Amino acid sequence: KQEVTQIPAALSVPEGENLVLNCSFTDSAIYNLQWFRQDPGKGLTSLLLIQSSQREQTSGRLNASLDKSSGRSTLYIAASQPGDSATYLCAVIIVQFYFGTGTSLTVIP
Amino acid sequence: GAVVSQHPSRVICKSGTSVKIECRSLDFQATTMFWYRQFPKQSLMLMATSNEGSKATYEQGVEKDKFLINHASLTLSTLTVTSAHPEDSSFYICSASGRTDTQYFGPGTRLTVL
């Protein structure tokens, strides 16, 4: 069974700092990997989708990488802002979605 | 982009009552819809997958007689929590996919059972 783990569980950084969120998964036979953000009490906002044949995707200040062989993905956030404060979820996709446990990010002004 | 809505966004009910949650794809035909549950401080867990016109497929540990799923049309799926109890209090999120495998997520429904 696919298990998805995210480290750290919580992270607090000062505004402007660059940061990396980690996601690891146990079964490398994935179709895609997707990063989401979830604001408190809200649904999911898709950030980046990496197809299994790709190694990274970029959108604005966000960069996500994927290493299937090692079962890892990272989400890099450059120049963090208070508006980035949210829970970040990664999900590996093998027909269905397997979600990680999330990283709660707080960016301190 | 594709939009998925859920109604209601928040519901509070008494123990023993049934609650229906709707999931709609607003601008595409959803051949498959998924229902997830998220307990506080935990991640999303898939409850069931439904294809239009077919019976839903439930994940292990999810009671199909308690969580009734109907996917009667290509734009609507409903989840009915029957005889709800406080332990059913959770955040329920649906997602929908059409001709591609991309899933579009709804905004979620917060269920509180008193």
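Every value quoted in this text rests on a predicted model; they were computed, and no experiment measured them. (Residues numbered from 1 in each chain as written. Chains lettered and ligands numbered in written order. Predicted model: local features only at pLDDT ≥ 70, side-chain atom pairs only at ≥ 80, totals over all residues. Heavy atoms only, no water.)

### A short note on the sheet that holds strand S7 (residues 67-73) of chain B
Residue and element names in this part refer to chain B. Taken together, the four strands give an open sheet; going across it, the order is S1-S3-S8-S7, and neighbouring strands pair in antiparallel fashion. Here the strands that pair on one side only, and so sit at the sheet edges, are strand S1 (4-7) and S7. This sheet shows a mean twist of 15° between the axes of neighbouring strands, independent of strand direction. Across six bridges, the pairing between strand S3 (residues 19-25) and strand S8 (residues 76-81) is antiparallel. When the sheet's bridge partners are listed, Ile-21 is paired in S8 with Leu-79. (Pairing = 2+ DSSP bridges. Helix = DSSP H or I, 4+ residues; strand = E, 2+ residues; numbered from the N terminus. Axes fitted to C-alpha atoms, helices over the stretch in contact; angles between N-to-C directions.)

### Describing the interface of chain B and chain A
Listed by partner, the interface residues are 13 residues for chain B and 13 residues for chain A. Approximately 1,100 Å² of surface area, both sides summed, lies buried where chain B meets chain A, with 57% of it carried by carbon and sulfur atoms. Sorting the residues of chain B by area buried against chain A places B:Ser43, B:Leu44 and B:Phe105 first, and these three jointly supply 37% of that buried surface. At the boundary of chain B with chain A, the tally comes to zero salt bridges. The interface formed by chain B and chain A contains three residue pairs in polar contact (both at pLDDT 80 or more). Every element with two or more residues in the side of chain B that touches chain A is listed here: strand S4 (32-38), strand S5 (44-51) and strand S9 (90-97) of chain B. A class-by-class count of the residues in the side of chain B that touches chain A yields seven nonpolar, four polar and two charged. (Contact = heavy atoms within 4.5 Å. Buried area = accessible area lost by both parts, 1.4 Å probe. Salt bridge = Lys/Arg side-chain N within 4 Å of Asp/Glu carboxyl O. Polar contact = N/O pair within 3.5 Å; in protein donor to acceptor, adjacent residues only side chain to side chain. Nonpolar A, V, L, I, M, F, W, Y, C, P; charged D, E, K, R; others polar.)

### Observations concerning the pattern of salt bridges
All names here are of chain A. Taken as a whole and judged by the stated rule, the model has four salt bridges over all chains. Here Arg-37 and Asp-39 are joined by a salt bridge, their closest N and O atoms 2.8 Å apart. Under the relative-accessibility criterion, Arg-37 is labelled buried at 15%. Judged by its relative accessible area of 26%, Asp-39 falls in the partly exposed class. (Buried < 20%, exposed > 50% of the residue type's maximum accessible area, 1.4 Å probe, protein only.)

### Some remarks on the side chain of B:His71
Residues and elements named next belong to chain B. Locating His-71 in the fold gives a position in strand S7. There is a polar contact of 3.2 Å between the side chain of His-71 and the backbone oxygen of Ala-30. Apart from residues no more than four positions distant in its own chain, His-71 is found in contact with Ala-30, Thr-31, Thr-32, Met-33, Ser-50, Asn-51, Glu-52, Gly-53, Leu-76 and Ser-77.

### Thoughts on the pairing of strand S10 (residues 96-99) of chain A
All names here are of chain A. With four bridges connecting them, strand S9 (residues 86-94) and S10 associate as antiparallel partners. Within S10, the residue paired with Ile-93 across the bridge is Phe-97. Where S9 hands over to S10, the hairpin turn is made up of one residue, of which Val-95 adopts a positive phi near 70°.

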